[in-house]
Amino acid sequence: ALINRLSKIPTHQKKTVYLCQLLIRIAEGKNLECHFDNDQRISPLESALSFWILLEREEIKLEKIHEDIHCLIQIQIVAVHMENGYFREAAEVLERLFTDSDSDKPLRVKLATVIKSKDPYVPLLQSFSYNLLISKIKSYVELYMKENETNFLIQAATKQVESEGLGATALQNKTVNVNENDKGNLETKERFVLSIILLRDVLGQHLCSLITRVLYKNFLLYCCMLSLYINTFLCSYNQYFPVFFPQRWTYKEDLELKSGVKEFGVGNWAKILVHGDFNNRTSVMLKDRWRTL
């Protein structure tokens, strides 16, 4: 449905579709038996090139990495055919790939010479290898992901702030030890405070304070760790391993804890745990909660 309505979706979503199509074809790039087009002559890499061209058109400005990848795909289309002994097909694909423009002529002449030699191990093909192509594409994908990331953490934290009625005042009232001479800009500090608010509700005030002190100076590391916690563990595994992600203590649980201490004494947390009604908690959690109470 998304592909059929490609003309109606925003540019960044369109680019995501193109990029996924590109990666699928690159993954099968050396398999000439695999076909993505009705024309059986079109190899996976040649099909990938068509989507790379679409990606280039969607870019605001062309950078060197675009030109490098374009060139590498063209070279590898020829190289893969030659590695499989399809020299005639390599010559045919060369005709489809290149125009008569001056910019294409040098590479076209070099590849034509390589095909005539029927040697898939010439320096040109070795220097612009498939591994280099993969490496360049990975670099491009990393840049793309960085520019188009969906920051789940910030979205969730913002909603949490709004739900608590804190609004914009939260950023003013929440005190964080920040040196005014730090290089971080206002937006970074705001995101940090929003994240701390969310983290407080998830992990508890004490652990939140510890992480704040330890990780603030390395904000990127902090975001990576917190996002990993939120996305991978809290959202996915809480239903299976609730003991690792306990909920807030309820009034009923506090009463159970006080009753257990009265009956078995402070320190007998294992007995209190067995005889009390607690929500998947451990004896260590009972001890910590008693200290808090």
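Residues numbered from 1 in each chain as written. Predicted model: local features only at pLDDT ≥ 70, side-chain atom pairs only at ≥ 80, totals over all residues. Heavy atoms only, no water.

- In the annotation of an unreviewed UniProt entry, the entry for the protein chain reads Telomeric repeat-binding factor 1, and the organism field reads Phalacrocorax carbo.
- For the protein chain, the Subcellular location (unreviewed entry) comment in UniProt is given as "Chromosome, Telomere". (UniProt positions renumbered as here; feature names shortened; annotations may be inferred.)

## With respect to the environment of His70
Okay, step 1: Structurally, His70 is set in helix 3 (residues 64–83).
Okay, step 2: The exposure class of His70 is buried, given its relative accessible area of 18%.
Okay, step 3: Considering only alpha carbons, one finds His70 and Leu133, 63 residues apart in sequence, at a separation of 9.4 Å.
Okay, step 4: Residues within four places of His70 in sequence aside, it is in contact with Leu49, Trp52, Ile53 and Glu56. (Helix = DSSP H or I, 4+ residues; strand = E, 2+ residues; numbered from the N terminus. Buried < 20%, exposed > 50% of the residue type's maximum accessible area, 1.4 Å probe, protein only. Contact = heavy atoms within 4.5 Å.)

## Concerning unusual backbone geometry
Trans peptide bonds make up most of the peptide bonds, and negative phi angles are found at most residues other than glycine.
Okay, step 1: Residue Lys118 is not a glycine yet carries a positive backbone phi of 55°.
Okay, step 2: Secondary-structure assignment places Lys118 in the loop between helix 5 (105–117) and helix 6 (123–127).

## Brief notes about helix 5
Okay, step 1: Relative to the 18 Å expected for 13 residues at 1.5 Å per residue, helix 5 spans 19 Å between its end C-alpha atoms, a close match to the ideal helical length.
Okay, step 2: Leu107, Arg108, Leu111, Val114 and Ile115 are the residues of helix 5 that are buried. Seen from one end, helix 5 has its buried residues packed into an arc of 125°, which puts them on one side. Exposed residues on helix 5 whose side chains face more than 90 degrees from its buried face are Lys105 and Lys116.
Okay, step 3: In this structure, the buried side of helix 5 is in contact with helix 3, helix 4 (87–97) and helix 6.
Okay, step 4: Among the residues trailing helix 5, Lys118 stands out with phi positive, at a value near 55°. (Expected span 1.5 Å × (residues − 1). Arc of directions from axis to C-beta.)

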